[in-house]
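Architecture and fold: a report
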Amino acid sequence: MADISRPARPVILGQNQYGKAENRVVKITRDGATHHIKDLNVSVALSGDMDEVHYSGSNANVLPTDTTKNTVYAFAKEHGIESAEQFGIHLARHFVTSQEPIKTARIRIEEYAWERIEASDATSRFSGADEVKHSFVRKGQETRLTQITYDGERWEVVSGLKDLVVMNSTNSEFWGYVKDKYTTLKEAYDRILATEVSGRWRFNWTDDEQRMPNWEKSYEQVKKHMLQAFAETYSLSLQQTLYQMGSRIINNRSEIDEVRFSLPNKHHFLVDLEPFGLKNDNEVYFAADRPYGLIEATVLRDGCEAKIPVDLTNL
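Presented here is an overview of the structure given in this document. Position labels on residues start from 1 in each chain and follow its written sequence. Whole-chain, interface and lining totals are the exception, using all residues; otherwise, since this is a predicted model, local features are given only for residues with pLDDT of at least 70 and side-chain atom pairs are given and counted only at 80 or more. Only hydrogens and water are set aside when side-chain values are computed; all heavy atoms of the structure are taken into account.

A closer look at the packing of helix α2 (residues 65-78) against helix α3 (residues 84-98)
Geometrically, a packed helix pair is captured by the angle between its two axes and the distance between the axes. Whenever a helix is involved, its axis is fitted only over the stretch in contact; in every case the axis is a line through C-alpha atoms, and angles between N-to-C directions fall within 0 to 180 degrees. Every helix listed is a DSSP run of H or I at least four residues long, and every strand listed is a run of E at least two residues long, numbered separately from the N terminus. One way to put it is that α2 packs onto α3 with a least axis distance of 11 Å and a crossing angle of 130°. Judged by the angle between their axes, α2 and α3 are oblique. Crossing hand, α2 versus α3: right-handed. Between α2 and α3, the contacting residues are Thr68, Thr71, Val72, Phe75 and Ala76 on the first element and Phe87, His90, Leu91, His94 and Phe95 on the second. The scheme is simple: roughly parallel for angles under 35 degrees, roughly antiparallel for over 145, roughly perpendicular for 65 to 115, oblique for anything else. Throughout, a crossing is termed right-handed when the near helix is turned clockwise from the far one, and left-handed when it is turned anticlockwise from it by less than a right angle. Contacts are assigned to residue pairs with any non-hydrogen atoms lying within 4.5 Å of each other.

In structure tokens:
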């Protein structure tokens, strides 16, 4: 029988937040006959003096989540959407400065890119590929991401992307690894290296006194350096490629201090064609979707502290 004379241990409320998740907003900007599209999925999370709503159910300090939803759509009209980062900054500043109980706002945004369809042109000509002829990326399939956190004084902007599938059809090896009685993998001296990039990078812009980065240009340049590093690295391991991708970003983009990648190794295995009297000379592969190796790491500017959560790239 339980000892009912013993006082219960005190129970306290821990970290908490609330808001409206996944508000889909599409903003059309009409520049004469030319239209521009911004397509965002915006999630708002607010925290602050919210103890009473949990303890007693009092909503005195609660801004309804429906209001946060309406704010997203109203701000798309009032402020436009210059970039996902700028839009998130407008929202975070508004919630923290307009509602006294709210101390911190976190805005997460996914952006879905739309590519303009060009009219056919009889005079257009094929422009040849550059020197790298073994690297590929599916056009426009990645989702752009950003997370803005504001506490009334300091900003933290972590942007990134996910679902970016890339492949090197050669210039990749894997050998010299540890072997034990359970090892069956054969060493490879010419293999396909493919992965689905999920990456985040943290900006060193933290207060309004600093010059704000050009968010659109930064994203384009980060993606360019990331892909160039992937294509130009003769890879002896996916870890080596990851480090080169992060290093290229840090070395070329002064506004970024930290990069974190989560890279699943999308394995491609040579198909055994000998039963059919055929030689498979690195030509026919089986693409396995699981299980897969998962390579994750953070690359930092020297002297900087890691602040991107280790699981953020898996969200």
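Read on, since the account is not over.
Thoughts on the environment of Phe174
Inspection of the secondary structure puts Phe174 in the loop between β6 (155-168) and β7 (193-203). For Phe174 and Asp190, which are 16 residues apart along the polypeptide, the C-alpha to C-alpha distance reads 8.2 Å. Those residues in contact with Phe174 that lie beyond four places of it in its chain are Leu185, Glu187, Ala188, Arg191 and Leu236.

Points about the environment of Tyr234
You can see Tyr234 is positioned in the loop between α4 (215-232) and α5 (238-252). Spatially, the C-alpha atoms of Tyr234 and Asn168 are 9.6 Å apart, while their sequence positions differ by 66 residues. Here Tyr234 is in contact with Asn171, Glu173, Tyr189 and Gln240, once residues within four sequence places are set aside. Of the polar contacts made by the side chain of Tyr234, one reaches the side chain of Glu173; its length is 2.5 Å. Polar contact is defined as a pair of N or O atoms within 3.5 Å, subject to the rule that within protein one atom must be able to donate a hydrogen and the other to accept it, and that residues adjacent in sequence are counted only when both atoms are side-chain atoms.

Some remarks on the pattern of salt bridges
Only one rule defines a salt bridge in this text: a Lys or Arg side-chain nitrogen within 4 Å of an Asp or Glu carboxyl oxygen. Enumeration over the complete set of coordinates arrives at 19 salt bridges. For Glu187, the salt bridge is made with Lys179, and the minimal N-O distance between the two is 2.8 Å. A 1.4 Å probe rolled over the protein chains alone gives each residue an accessible area, and that area as a share of the maximum for its type sets the label: buried under 20%, exposed over 50%, partly exposed in between. Residue Glu187 is classed as partly exposed on the basis of its relative accessible area, which comes to 31%. As a salt-bridge pair, Arg248 and Glu232 come within 3.1 Å of each other at their nearest N and O atoms.

Quick word on α2
Between the first and last C-alpha of α2 there are 20 Å, a value that for 14 residues agrees with the 20 Å anticipated at 1.5 Å per step. Those residues of α2 not exposed but buried are Thr68, Thr71, Val72, Phe75 and Ala76. Looking straight down α2, one finds that the buried residues subtend no more than 135° of arc, so they occupy a single side. Across from the buried face of α2, at angles greater than 90 degrees, the exposed residues are Lys77 and Glu78. By this rule the span expected of a helix is its residue count minus one, scaled by 1.5 Å. Here, the arc refers to the directions that run from the helix axis to the C-beta atoms.

Observations concerning the nonpolar core
Formed by 52 residues in total, the largest nonpolar core has its most connected members in Val42, Phe87, Ile107, Val197, Trp201, Met226 and Phe261. With 7 residues, the top contributor of residues to this core is α3. Take the buried Ala, Val, Leu, Ile, Met, Phe, Trp, Tyr and Cys residues and link them wherever side-chain atoms come within 4.5 Å; each set so joined is a nonpolar core.

A look at the pairing of β7
Most of β7 is tucked away: 10 of the 11 residues are buried. Looking at chain direction, β6 and β7 are connected through 9 bridges and run antiparallel. Of the residues in β7, the one forming a bridge with Val166 is Thr195. In short, DSSP must find at least two bridges between two strands for them to pair. Relative to strand β8 (residues 256-265), β7 runs antiparallel, the two sharing 7 bridges. Looking at β8, one finds that Ser198 is bridged to Ser262.

Looking at the packing of aromatic side chains
Think of it this way: a Phe, Tyr or Trp ring, Trp meaning its six-membered ring, pairs with another when their centres are within 6.5 Å, and the plane angle makes it stacked under 30 degrees, edge-to-face over 60, tilted otherwise. For the coordinates displayed, the defined rule picks out 7 aromatic pairs. Pairing Phe174 with Tyr177 gives two aromatic rings, centres 4.8 Å apart and planes at 20°, and the pair type is stacked. Under the relative-accessibility criterion, Phe174 is labelled partly exposed at 28%. A ring pair is formed by Trp205 and Trp215, whose centres lie 5.9 Å apart and whose planes are at 85°; its orientation type is edge-to-face. Taken as a pair, Trp205 in the loop between β7 and α4 and Trp215 in helix α4 lie far apart in primary sequence, 10 residues in all. You'll find Trp205 and Trp215 in the same group, each marked buried. Ring pairing ties together the aromatic residues Tyr150, Trp155, Phe203, Trp205 and Trp215, which thus form one cluster.

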